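Observations on chain architecture
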Amino acid sequence: MAGANAQSYYPQLSEDEFRACLERLAPEAEQRGIPADRFLSLTAALSPDPSVIARLDRQPEFVTPIWQYLANLVDGRRIQTAQDKLRENEGLLRYVEATYDVDAELLVAFWAVESNFGQNLGRDDLLQSLATLSCFGRRQNYFRPEFLTAVNILERGDTGQARLRGSWAGAFGQTQFMPSTFERYAVDFDGDGKRDLYHSLPDIFASTANFLKQAGWRRGEPWAIEVVLPPSFNAQLAGRTKKRPTNEWLAMGLTRADGKPWPRALPEKAALLLPAGRQGPALLAFPNYDAIFRYNAAESYALAIGLLYDALKDPLKAARFDPKQPFVQPWPTDDPPLTRSETLELQERLSALGYDPGNIDGVAGSQTREALSRFQQECGGQTLEADGWPGTKALEQLRRFEGGCNKTH
């Protein structure tokens, strides 16, 4: 929580504005079945937490270089612990696997990444964090329904907890469900009348499996395969949403990076991922990747889950895993990703040159990458390939075009 010494580091938040915001939310709470006076009573002791707003702009999935992020989450020790946990809970995990048709190894991967097997559950008071995010910051429309749902969950006693504690962003339990995710997917698998994601491993594993099943996980199919691109490949074809028939990708000359032949049966559609641009690893991503991505919409997070899952499925991969080089193609560490402030600058410069980056918010999402790719294609000449990678070299290139460029398209 923010104390007196934090005031010079965190934004100033008005107590009066906070209280007025909660009063405006009372009618919405009443529509959800909580009388306004009860809602105001439940929130009377809350105060705005400025540290939460500061953390909103420092999420590691978006500000840490992807190679460092993955090395921090997936290494030999994490893999070994995950293998041990899989063996310790194999009976329960396989029962859940059979019930939901979601791999036990995948459930353990989420358990590992989200809370280090229940060791790191978060200490923030969910109501206080979510109330703050509902009233201040850049994502209020997203966090307000989550806040009101958390109030509902607490009022009904669904989790068996007198208070909800978790991450600063509102996720809770050993696999870190947001309140709305809990409402839709949490399962009372042990039959005690509660959906306890804090202590009940049956509820934790089954709830996670239920989410992934509903998200489209297809057991027995790969989530992604690393590929080698032909020299003349058009990097603008890459992107999670740019799906096309898998056979079309293979017809373009993509080969497996491990040198193995393609299996006879592959998912019908795939997308090409270039998580660090054209010079880094390339992956053909299948529908199972999208199921992982739905859990946490960050490419680096999805890759971490996928790598750990693969290591748990294949002991040979686990034994050979190198956290500094998890793919065949090395990372382009000479072109690191941008900080948030640098990404803001990149978006502002793209916008000034007539390339719409979407929201100028310091997060290099798909629209920003599309705009950068168009700029690179039309203005970059031979300096950089038009892969939309928001790295240091791209920003340096943009800084050289203060007066615009002569577009070729």
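Residues numbered from 1 in each chain as written. Predicted model: local features only at pLDDT ≥ 70, side-chain atom pairs only at ≥ 80, totals over all residues. Heavy atoms only, no water.

Further remarks concern helix H18 (residues 366–379). Under the 1.5 Å per step criterion, the end-to-end length of H18 is 20 Å for 14 residues, consistent within 8% with the ideal 20 Å. Within the sequence span of H18, burial applies to Thr368, Ala371, Leu372, Ser373, Phe375, Gln376, Glu378 and Cys379. Residues of H18 that are buried make contact with helix H17 (340–352) and helix H19 (392–399). (Helix = DSSP H or I, 4+ residues; strand = E, 2+ residues; numbered from the N terminus. Expected span 1.5 Å × (residues − 1). Buried < 20%, exposed > 50% of the residue type's maximum accessible area, 1.4 Å probe, protein only. Contact = heavy atoms within 4.5 Å.)

With respect to the helices, strands and loops of the structure, Tyr309 is situated in helix H15 (residues 299–313). Note on Tyr309: relative accessible area 6%, which makes it buried. Each C-alpha atom of the pair Tyr309 and Trp223 lies 9.6 Å from the other, and the pair is 86 residues apart in sequence. With near-sequence residues (within four places) excluded, Tyr309 lies in contact with Asp103, Glu105, Leu106, Ala109, Trp217 and Trp223.

Another point: the side chain of Gln376. Assignment of secondary structure puts Gln376 in helix H18. Using a relative accessible area of 2% as the deciding quantity, one classes Gln376 as buried. Of the polar contacts made by the side chain of Gln376, one reaches the backbone nitrogen of Gly388; its length is 2.9 Å. (Polar contact = N/O pair within 3.5 Å; in protein donor to acceptor, adjacent residues only side chain to side chain.)

Attention shifts here to the nonpolar core. Counting 69 residues, the largest nonpolar core has Leu70, Leu106, Leu212, Trp217, Trp223 and Leu308 as the members making the most contacts within it. No other element matches the 10 residues that H15 contributes to this core. Each residue touching Leu106, except ones within four places of it in the same chain, is listed here: Leu212, Trp217, Ile292, Ile305 and Tyr309. (Core = buried A, V, L, I, M, F, W, Y, C linked by side-chain atoms within 4.5 Å.)

What follows concerns the confidence of the model for the protein chain. Here the protein chain averages 90 in pLDDT, while 92% of its residues score no lower than 70. Across residues 1–8, confidence stays below pLDDT 50; counting only partners more than four residues off in sequence or on other chains, it has 7 contacts. (pLDDT = per-residue confidence, 0-100.)

Further remarks concern the side chain of Thr159. With respect to the helices and strands, Thr159 occurs in the loop between helix H10 (140–156) and strand E2 (165–166). From its side chain, Thr159 meets the backbone nitrogen of Gln161 in a polar contact 3.2 Å long.

For the rest of this paragraph, the subject is the pattern of salt bridges. A full pass over the atoms with the stated rule returns 27 salt bridges. In this structure, Asp158 and Arg195 form a salt bridge, with 3.4 Å as the shortest nitrogen-oxygen distance. Here Asp158 is found in the loop between H10 and E2, whereas its partner Arg195 is found in the loop between helix H11 (179–185) and helix H12 (201–215), with 37 residues between them in sequence. Note that Asp290 is salt-bridged to Lys243, the shortest N-O span being 3.2 Å. Residue Asp290 is found in helix H14 (residues 287–295), and its partner Lys243 is found in the loop between strand E3 (224–228) and strand E4 (244–245); the two are separated by 47 residues along the sequence. Accessibility expressed as a relative area gives 38% for Lys243, which makes it partly exposed. Among the charged side chains, a salt-bridge network with shared partners connects Glu90, Arg94, Glu97, Asp101, Asp103, Glu105, Lys213, Arg219 and Lys313. (Salt bridge = Lys/Arg side-chain N within 4 Å of Asp/Glu carboxyl O.)

Topologically, Gly33 is positioned in the loop between helix H1 (15–31) and helix H2 (36–42). For Gly33, a relative accessible area of 58% puts it in the exposed group. When the C-alpha positions of Gly33 and Asn152 are compared, they lie 8.0 Å apart, and in sequence the two are 119 residues distant.

Right, let's talk about the sheet that holds E3 for a bit. In spatial order, the strands read E4-E6-E7-E3-E5; together these 5 strands make up an open sheet with antiparallel pairing. With partners counted over all chains shown, the strands left at the sheet margins are E4 and strand E5 (255–256), one partner each. (Pairing = 2+ DSSP bridges.)

This part takes up the pairing of strand E7 (residues 282–285). Taking every second residue as pointing to the same face, both faces of E7 are buried, with Ala282 and Leu284 on one and Leu283 and Ala285 on the other. The pairing of E3 with E7 spans 4 bridges and is classified as antiparallel. Looking across to E7, one finds that Ile225 is bridged to Leu284. In the sheet, strand E6 (residues 269–273) pairs with E7 via 3 bridges, with the strands oriented antiparallel. Its bridge partner lying in E7, Ala271 is registered against Ala285.

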